[in-house]
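Close look at the chain arrangement
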Amino acid sequence: TGNLFQSMVYYILGIFERSFNRALSESQIKASAKWDKENMATLGCRVKKEEATAFKDYAASQGKTANTVLKEYVVKCINGN
C-alpha cells in the first residue's frame, strides 16, 4: 500500500504541475512569439529530399542539428571568417 500511496501522490502532483506549467507556458509562449516576430527572420532554401536527408545526417554526425549548422555558417559568412 505504501507504493500505491506514493504512486497516487506522484500522479496528483504531476497533474498539478502540468496545470501550473500550462498557464505559465501560455504567457511565455505569447511573449516568446512576440519577441521572435520583432527580432528574428527565417532563411530557407529548397533542396532535394535526399540532399536534405544527407545534410541532416551530416549535422547529426557532428552532434548538431541542421538548423545549428546552417546558423553557424550564416554567422561565419557575415563575420568574414
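Residues numbered from 1 in each chain as written. Predicted model: local features only at pLDDT ≥ 70, side-chain atom pairs only at ≥ 80, totals over all residues. Heavy atoms only, no water.

1. Some points on the overall build of the protein
Put simply, the test is: Labels follow the DSSP assignment, with helices taken as runs of H or I lasting at least four residues and strands as runs of E lasting at least two, numbered in each case from the N terminus. Classification of residues uses two cut-offs on accessible area relative to the type maximum, computed with a 1.4 Å probe and protein chains only: under 20% is buried, over 50% is exposed, and between them is partly exposed. We get accessible surface area from the Shrake-Rupley algorithm with a probe of 1.4 Å; when it comes to residues, only the shown protein chains can shield them.
Within the protein one finds three helices and zero strands. When the helices and strands of the protein are listed from N to C terminus, the series reads α-α-α. Here the protein, with 81 residues, has 5% of them falling under the buried criterion. Carbon and sulfur atoms form 60% of the exposed surface of the protein, whose accessible area is close to 7,700 Å².

2. Here's the deal with the pattern of salt bridges
We count it as follows: We define a salt bridge as a side-chain nitrogen of Lys or Arg found within 4 Å of a carboxyl oxygen belonging to Asp or Glu.
Here the structure, examined in full by the defined rule, presents two salt bridges. The shortest N-O distance in the salt bridge between Lys34 and Glu38 comes to 3.1 Å. With Lys34 and Glu38 both in helix H1 (residues 2–39), this residue pair falls four residues apart, about one helical turn.

3. A word on helix H2 (residues 49–61)
Side chains of residues three or four places apart in an α-helix project in the same direction, reflecting 3.6 residues per turn. Selection criterion: A helix is expected to reach a length of 1.5 Å times the quantity of its residues less one.
When the terminal C-alpha atoms of H2 are compared, their 18 Å separation across 13 residues agrees well with the 18 Å that a helix rising 1.5 Å per residue should span. After H2 finishes, the residue Gly63 shows a positive phi value of roughly 75 degrees.

4. A word on the confidence of the model for the protein
The cut-off we apply is this: Confidence of the predictor at the level of single residues is given by pLDDT, which spans 0 to 100.
When pLDDT is averaged along the protein, the result is 86, and 86% of the positions lie at 70 or above. Between the elements of the protein, mean pLDDT differs from a low of 77, seen in H1, to a high of 96, seen in H2.

5. Let's talk about the packing of H2 against helix H3 (residues 66–79)
How we decide: Axis definition: a line fit to C-alpha positions, over the contact stretch in the case of helices; interaxial angles, taken between N-to-C directions, run 0 to 180 degrees. Any angle that falls under 35 degrees is termed roughly parallel, while one over 145 is termed roughly antiparallel, one within 65 to 115 roughly perpendicular, and all others oblique. Contact criterion: two residues are considered in contact whenever any of their non-hydrogen atoms come within 4.5 Å of each other. We call Asp, Glu, Lys and Arg charged. Ala, Val, Leu, Ile, Met, Phe, Trp, Tyr, Cys and Pro are nonpolar, and the rest, Gly among them, are polar.
Orientation of H2 relative to H3, taken along the N-to-C sense of each, is 85 degrees, at an axis distance of 8 Å. With respect to each other, H2 and H3 are oriented roughly perpendicular. Here H2 contributes Phe55, Lys56, Tyr58 and Ala59 to the contact with H3, which in turn contributes Ala66, Val69 and Leu70. Partitioning the contact of H2 with H3 into residue classes produces six nonpolar, no polar and one charged.

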